[in-house]
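Coordinate inspection notes
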Amino acid sequence: MALDYRKIEQFLFREARLADENAYDDWYALWDQHDETVYWVPCNHDDVDPERELSIIYDNMSRLNLRLKRVETGMAWTQEPKSRVRRIIGNIEISEGKDGLIEVGANFQATEIRVNVNTPFFWHGRYIYHLRPEGDDFKMRMKKVLLLNNDQEMTQLTFLV
Amino acid sequence: MGNGHAELDMRPMRRKIGMMATGEWDGKVDADAVATYQKSMSDFYGEEKAKQILIDGPAHAIIFPNLFIILQELRWSVPVSPYETYIYYAPALLKGAPDAINTMRLREDEGAYGPAGFQLADDIEVWQRNYSGLDARMNEWILMSRGMGNESWVDEQGATVEGNLSELNQRTQWAHYKDVMTGKYS
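Let me begin by describing the structure that accompanies this report.

Here is what the cut-offs are and how they apply
- Residues numbered from 1 in each chain as written.
- Chains lettered and ligands numbered in written order.
- Predicted model: local features only at pLDDT ≥ 70, side-chain atom pairs only at ≥ 80, totals over all residues.
- Helix = DSSP H or I, 4+ residues; strand = E, 2+ residues; numbered from the N terminus.
- Buried ≥ 20, exposed ≤ 12 C-beta atoms within 10 Å, placed from the backbone.
- Pairing = 2+ DSSP bridges.
- Core = buried A, V, L, I, M, F, W, Y, C linked by C-beta atoms within 7 Å.

Secondary structure assignment for chain B yields 6 helices and 7 strands. Each helix and strand of chain B, ordered N terminal to C terminal, gives the series β-α-α-α-β-β-β-β-α-α-β-β-α. Considered along the principal axes of its C-alpha atoms, chain B spans approximately 60 × 40 × 30 Å. Scored against the burial criterion, the 186 residues of chain B give a buried share of 17%.

In structure tokens:
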């Protein structure tokens, strides 16, 4: 498989922008509708065994859909009004993964501003993506978010990290 | 229960309905795992007692001053300053139960609690906004009167019982806190 680094990077930047802008429908469309698809934010340490240990988020597609729909009700108070977010992605590393998937790692820094809080929130960590090539584009089979502070007390995490 | 402890006793309602806690797992975990769990409960407690335990279900209680047992979750709060409180949480897993059941409990806990859960994150947001409200110079009280004046009764173990939606737990906790902090026991 010839890996088109440029195209993969562009996908990551688009995914980040849609998440930043709370563009739920377009962001959800980037996911691979597959039994094993997972949006994952481990808790306490990075190498969580999801069968035996708690995560902060371990969403399959149905749970993720519910997560997005719930915010749209206007009753999810942490996102009412919605966070304003911009993130930078860098140190991108791309390799061939298992089962025809592409494995991508990248560091990120995100700034979140909540309308009712004066101080910005800063989030840092590393993303691990599993991408499935589809035509000229990609679908996310996994996005795993390794937060630097996943072993510390944490404020609400309700924007799309 | 005294000393600031309280429980929302759901047993009368649950006994009336008669549904076992395992019934709430339908569709979330395969039937074989549920059957295995029920059998191991029966083997340990005997069939009648096991059934009663599963019908009565988990607790919804406050252990003074800061431990909360909320169905399958344990939660404890630690005040850090007048403006900051840490809330720690952990799901209670079932020892010896099939893995699928405990994995389901992990997923349920993630869905409800934690920084990204569907319940606690928003609850905390409301508490934070209450604190902003307390900075106001008027109307400074938080009302925790839900359930007051509703029917209450004393159950067979001598505990005062109110309906399931009551804020009895919160009132009990803070009433005792006031007694402790104003030197009633010193």
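Having seen the model, we can carry on.
Residue and element names in this part refer to chain B. With antiparallel pairing, 5 strands are arranged side by side in an open sheet as β1-β2-β3-β4-β5. Every interior strand has two partners, whereas the edge strands, β1 (6-7) and β5 (84-91), have only one. Alignment of strand β4 (residues 73-81) against β5, held across 8 bridges, turns out to be antiparallel. In the sheet register, Trp76 faces β5, and the bridge partner there is Tyr88.

Below, the discussion takes up the nonpolar core. Core analysis: the largest hydrophobic core is formed by 39 residues, its most contacted members being A:Val41, A:Leu131 and A:Val161. The set of elements that each furnish at least two residues to this core consists of α1 (5-20), β1 (38-42), β2 (55-59), β4 (102-113), β5 (121-134) and β6 (137-147) of chain A together with α5 (120-134) of chain B.

Another point: unusual backbone geometry. Backbone torsion omega between A:Glu80 and A:Pro81 reads 0°, so that peptide bond is classified as cis. One can find A:Pro81 in the loop between α3 (61-72) and β3 (84-96). For the bond running from B:Phe64 to B:Pro65, omega is 5°, close enough to zero to count as cis. Here B:Pro65 shows up in the loop between β2 (60-63) and β3 (67-70). Not every positive phi belongs to a glycine, and A:Asn91 is a case in point at roughly 50°. Within the fold, A:Asn91 resides in strand β3. Residue A:Asn91 is classed as exposed on the basis of its C-beta count, with 9 C-beta atoms lying within 10 Å.

Keep in mind that these numbers describe shape and distance, not what the molecule does.
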